[in-house]
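# A look at the structure
So you can see what is in the structure, the chains are spelled out below.
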Amino acid sequence: MGMLCAVSFNRYGRLYYLDPGELRPQVGDKVLVPTDDGPEVAECVWAAQWVTEETDGFPRLAGMADEQDLQRDEALRRRKAEAKVAAKRLIRAHGLPMKVVAVDHVLGSGEGGGERTTVYFTAPHRVDFRSLVRDLGATLHCRVELRQLSARDSARVQGGIGSCGRDLCCATFLTDFEPVTIRMAKDQDLPLNPLRISGACGRLMCCLKYEHPLYQRFQESAPATGERVTTPEGSGRVVGHNVPRDAVLVRLDADGSRSMCSRADVCGSRRAHDQHYNG
């Protein structure tokens, strides 16, 4: 048991959970988060509070941001914006089929570390950007790196709104991309229309993975469509499934009406029937 707080480097961006240590940041406070390139300024979006989970594995806040830290963060954001504009202009000048997705910049340190700009981009295929890197370095007066992103990573970096009306999962809480297959859509009886089952990245929606185990467990124990079953309302034939309600739709023999029955009731009656006659 320990304390955790959540911070974000960008408004509505991914949340990062940290151990506040002796600090007690409130919502809206600017805090320092340890990174590979040194402490960076982030905004607290979830005040420090006690949680039941162990917090040993979470990084600890480096401190509260002061005026000097805020000025440095403003300079960093300004350099990122300048680099993004320059990258787009030079890409057009070189006629390269690239799209700038995001820019990261590391300010020079007093210990001899030079400034570095990393430009993240997407492209339909591999691009020879050696001349672009040379011109960018001359324009920005720092070391420049270009990194090509996949469609899913591009959506994660840019963020956006999904078809559900909420922020993209990959841009808020997903830390790893798990394999998503068309079989998952089939098992959930979803229309195999790319426009219906694809996310903002153009790939299969990550959320197809969320409910798939539920459908798998349901199919393991539920009677198949067309199978005869016995229900509390009488015998009939299964004509459909409703996995979220954990129920099956049965057309009754008595009057042809359809009845939505709990999977437990149907399967229990069927097992009792099979045990009685196979006895």
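Thresholds, definitions, all that
Residues numbered from 1 in each chain as written. Predicted model: local features only at pLDDT ≥ 70, side-chain atom pairs only at ≥ 80, totals over all residues. Heavy atoms only, no water. Core = buried A, V, L, I, M, F, W, Y, C linked by side-chain atoms within 4.5 Å. Buried < 20%, exposed > 50% of the residue type's maximum accessible area, 1.4 Å probe, protein only. Helix = DSSP H or I, 4+ residues; strand = E, 2+ residues; numbered from the N terminus. Contact = heavy atoms within 4.5 Å. Domains from an automatic or database assignment.

Within soluble globular proteins, side chains that are nonpolar tend to cluster in buried spots. One finds Met98, Val119, Leu132, Leu136, Leu140 and Leu146 to be the most contacted residues of the largest nonpolar core, which totals 19 residues. Listing elements by their share of this core, those giving two or more residues are α1 (67-94), β6 (99-106), β7 (116-122), α2 (130-140) and β8 (143-148). Per element, the largest residue contribution to this core is 5 residues, and it comes from α1. With sequence-adjacent residues up to four places away left out, Leu136 is seen in contact with Ala86, Ala87, Leu90, Val119, His141, Val144 and Leu146. Counting 11 residues, the second largest nonpolar core, distinct from the first, contains Tyr215, Val229, Val238 and Leu252.

Taken domain by domain, the chain holds domain 1 (2-65), domain 2 (71-149), domain 3 (154-218) and domain 4 (223-278). Put simply, the middle of domain 1 and the middle of domain 3, counted by C-alpha atoms, are 28 Å apart.

Despite not being glycine, His141 has its phi angle at roughly 60°, a positive value. Tracing the backbone through its elements, the reader meets His141 in the loop between α2 and β8. Phi is positive for Asp246, close to 55°, though the residue is something other than glycine.

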